[in-house]
Amino acid sequence: MERPPDLAAAIDAAAEVLVGVLDSAASRHHISVSPTQLRVLSLISSRPGTNVNRLAELLDVVPSSASRLCDRLEATGLLRRVADPRDRREVRLRPTAAAEKLLRELTERRHQAVQAVLDRMPPHAQHDLLLALLAFGQAAAPAAAQQQTDSAVRTA
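Residues numbered from 1 in each chain as written. Predicted model: local features only at pLDDT ≥ 70, side-chain atom pairs only at ≥ 80, totals over all residues. Heavy atoms only, no water.

Visitor: Is there a simple way to think about the overall build of the chain in this case?
Guide: Within the chain, the regular secondary structure consists of 6 helices and 2 strands. Reading the chain from its N terminus to its C terminus gives the helix and strand order α-α-α-α-β-β-α-α. When each of the 156 residues of the chain is scored for burial, the buried share is 23%. Contacts spanning at least 24 positions in sequence make up 50% of the contacts within the chain whose residues lie at least 6 apart. Counting every atom, the chain has about 10,900 Å² of accessible surface; 57% of that belongs to carbon and sulfur. (Helix = DSSP H or I, 4+ residues; strand = E, 2+ residues; numbered from the N terminus. Buried < 20%, exposed > 50% of the residue type's maximum accessible area, 1.4 Å probe, protein only. Contact = heavy atoms within 4.5 Å. Areas by Shrake-Rupley, 256 points an atom, 1.4 Å probe, with all protein chains shown as cover.)

Visitor: What exactly am I supposed to notice about the side chain of T50 here?
Guide: By the element assignment, T50 lies in the loop between α2 (35-46) and α3 (52-59). Of the polar contacts made by the side chain of T50, one reaches the backbone oxygen of R47; its length is 2.5 Å. Sequence-distant contacts of T50, defined by excluding residues within four places in its chain, comprise L55, V91, R92 and L93. (Polar contact = N/O pair within 3.5 Å; in protein donor to acceptor, adjacent residues only side chain to side chain.)

Visitor: What am I meant to see in the side chain of Q37 here?
Guide: In this structure, Q37 sits in helix α2. Filtering out sequence-adjacent residues up to four positions away, Q37 remains in contact with L69, R72 and L73.

Visitor: Help me understand the packing of helix α1 (residues 7-27) against helix α5 (residues 97-119) in this model?
Guide: Between α1 and α5, the least distance of the axes is 8 Å, while the angle of their chain directions is 130°. Judged by the inter-axis angle, α1 sits oblique to α5. Pair α1 / α5 crosses with right-handed handedness. Across from L18, V21, L22, A25 and A26 in α1, the residues of α5 making contact are L106, R109, R110, A113, V114 and V117. For the contact of α1 with α5, the residue count by class is 9 nonpolar, no polar and 2 charged. (Axes fitted to C-alpha atoms, helices over the stretch in contact; angles between N-to-C directions. Parallel < 35°, antiparallel > 145°, perpendicular 65-115°, else oblique. Left-handed = near helix turned anticlockwise from the far one by under 90°. Nonpolar A, V, L, I, M, F, W, Y, C, P; charged D, E, K, R; others polar.)

Visitor: Please explain the nonpolar core as it appears in this structure.
Guide: For soluble globular proteins, the rule of thumb is that nonpolar side chains tend to be buried together. Within the largest apolar cluster, 23 residues are counted, with the highest numbers of intra-cluster contacts made by V40, L41, L55, L73, L78 and L93. If you list the elements that add at least two residues to this core, you get α2, α3, α4 (63-75) and α5. Residues in contact with L78, not counting those within four places in the same chain, are V33, L41, L73, R94, P95, T96, A98, A99 and L102. (Core = buried A, V, L, I, M, F, W, Y, C linked by side-chain atoms within 4.5 Å.)

Written out as structure tokens, the structure is:
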């Protein structure tokens, strides 16, 4: 089957719409942290044992910027710095229970917002979308793995 010439543009437009749906769910939640701070919490939550230097790499910022982000999150009670039990000189970042609750609630609101859109689609379109997203994820996986390898080589 021949690819439509505007497929990439259609995906880009759909991604913009999806971001709008997700952002709308977050704004209705009256979240007191910025999108960047939410990203930091999400990264730390999904990567136990992350330190400030690793967080800086993940965000593609300098360590001092990552540290300031952590300072603000720590001041709001959403982040803790904890000494690594194997090497007390190493400090690990941990989301607090309040941060974990915030992330769970936000995820639930986002899922509800996306489900509301999906409910307006016919079932066959939902199925086709699922298959397309799975195929897209599989095709993107090698590129993501290569980017991680390239990043590790740059920081070594």
